Amino acid sequence: MIILRSLLFNLAFYLNLGVLLIGAFLALVLPRRGVLGMAKLWGRTSVWLLRVICGTKVEFRGLEKLPKGALIVAAKHQSTWETFALLRLFDDFTFIVKRELMWIPIFGWCMAKGRMIPVDRSAGSQALGAMTKRAREEIRTGRQLIIFPEGTRRAAFAEPRYKFGVAHLYAEIGVPCIPVALNSGLFWPRRKFLRLPGTIVVEFLPPIPPGLDSRTFLTKLQTSIESASARLLAEGRAARAKP
């Protein structure tokens, strides 16, 4: 039954994405927020499909901790799920994304229209400087910068591999950073098509105010995200084990 539901969901997910991309293409003539609105709709409909077809619910904790205005959102990255499910929670979000994603027809055009921030990973220190410049420009307009500090998806229970880029951005931009823990990898496993029933929990942790040195910040960020994510993974695994 899980295999059948997962298959049905994946078909519905990509069909939904295709339809919304057509809408997003038409929205390219609108101001930036038109494209962002389509992205938020993608997030809402995908979360709904996951709940209805696979029985995978979502619980957000700590939403009251979210500051208003410009901030860095540093989230654990265990699956594709958080790339769309977090969008509806932020008024004017932008992402740090791989430059190659901007080359995808329609999808990449929409990312450019939404003023996502591309990074060329092959450019080394030059890429960090260009990314910081763009991020500072977007933050000045009051946007919320969503970044995955490990740079790529890491399976549930995998050893963390935080990169220094998030600490550099924090030190250079000077806005609060809110750490985000989650357990999505239990229910949307990395590089697998299975979608498992249960409750994905996302927890927004106390914001880290600006002003720390970069290394102290990175240690604090990793400790808070990893300890909370370990707790959420344990909770999720215990709930799945119940008859």
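Our subject is the structure listed above.
What this report covers is the structure whose coordinates are included nearby. Keep in mind that what you see is a predicted model, and the values were worked out from it rather than measured.

Here is what the cut-offs are and how they apply
Residues numbered from 1 in each chain as written. Predicted model: local features only at pLDDT ≥ 70, side-chain atom pairs only at ≥ 80, totals over all residues. Heavy atoms only, no water. Salt bridge = Lys/Arg side-chain N within 4 Å of Asp/Glu carboxyl O. Helix = DSSP H or I, 4+ residues; strand = E, 2+ residues; numbered from the N terminus. Buried < 20%, exposed > 50% of the residue type's maximum accessible area, 1.4 Å probe, protein only. Pairing = 2+ DSSP bridges. Axes fitted to C-alpha atoms, helices over the stretch in contact; angles between N-to-C directions. Contact = heavy atoms within 4.5 Å. Polar contact = N/O pair within 3.5 Å; in protein donor to acceptor, adjacent residues only side chain to side chain. Expected span 1.5 Å × (residues − 1). Arc of directions from axis to C-beta.

## Some words on the pattern of salt bridges
In the structure shown here, the tally under the stated rule is 18 salt bridges. In this structure, Lys76 engages Glu226 in a salt bridge whose closest nitrogen and oxygen atoms are separated by 2.8 Å. Of this pair, Lys76 sits in the loop between strand S2 (71-75) and helix H3 (81-85) while Glu226 sits in helix H7 (residues 214-241), and the two are 150 residues apart along the sequence. Here the two residues Lys76 and Glu226 agree in accessibility, since each one is buried. Several salt bridges share partner residues, and in doing so they unite Arg32, Arg33, Asp91, Asp92, Arg115, Lys133, Arg134, Glu137, Glu138 and Arg143 into one network.

## Notes on the sheet that holds strand S7 (residues 198-204)
The pairing of strands in a sheet happens through backbone hydrogen bonds and is either parallel or antiparallel. The strand order across the open sheet built from seven strands is S1-S7-S6-S2-S5-S3-S4, with neighbouring strands paired in mixed fashion. This sheet does not close on itself; its edge strands, each paired only once, are strand S1 (56-61) and strand S4 (117-119). Neighbour-to-neighbour, the strand axes of the sheet open up by a mean angle of 20 degrees, direction not taken into account. In the packing of helix H2 (residues 32-54) onto the sheet, the strands contacted are S1, strand S3 (93-98) and S7, and the crossing angle to S1 comes to about 125 degrees. Packing of helix H6 (residues 165-173) onto the sheet brings it into contact with S2, S3, strand S5 (144-147) and strand S6 (177-182), and relative to S5 it is tilted by some 165 degrees.

## Regarding the side chain of Ser79
With respect to the helices, strands and loops of the structure, Ser79 is situated in the loop between S2 and H3. The exposure class of Ser79 is buried, given its relative accessible area of 0%. A polar atom in the side chain of Ser79 sits 3.4 Å from the side chain of Ser184.

## Details of the side chain of Glu203
Following the sequence through the fold, Glu203 ends up in strand S7. Polar side-chain contacts of Glu203 include one of 3.1 Å to the side chain of Arg231. With residues up to four places along the chain from it excluded, the contact list for Glu203 reads Arg61, Pro179, Val180, Ala181, Arg231 and Leu232.

## Focus: helix H5 (residues 125-140)
Its 16 residues place the ends of H5 23 Å apart at the C-alpha level, agreeing with the 22 Å of an ideal helix rising 1.5 Å per residue. Taken as a whole, H5 has its buried residues at Ala127, Met131, Thr132, Ala135, Glu138 and Ile139. All buried residues of H5 project into a common sector of 130 degrees when viewed along the axis, lining one side. Among the exposed residues of H5, those oriented more than 90 degrees off its buried face are Ser125, Gln126, Lys133 and Arg140. The secondary structure elements touched by the buried residues of H5 are S2, S3, S4, S5 and H6. A positive phi of about 90 degrees marks Gly142, the residue just after H5.

## Topic: the pairing of S2
Within S2, five of the five residues are buried, which leaves it mostly tucked inside the rest of the structure. Residue alternation in S2 divides its side chains into two sets, Leu71, Val73 and Ala75 and Ile72 and Ala74, and both sets are buried. Looking at chain direction, S2 and S5 are connected through four bridges and run parallel. In the strand pairing of S5, Ile72 is matched with Leu145. Taken together, the four bridges between S2 and S6 define a ladder with parallel strand orientation. Counterpart to Ile72 in the pairing with S6 is Cys177.

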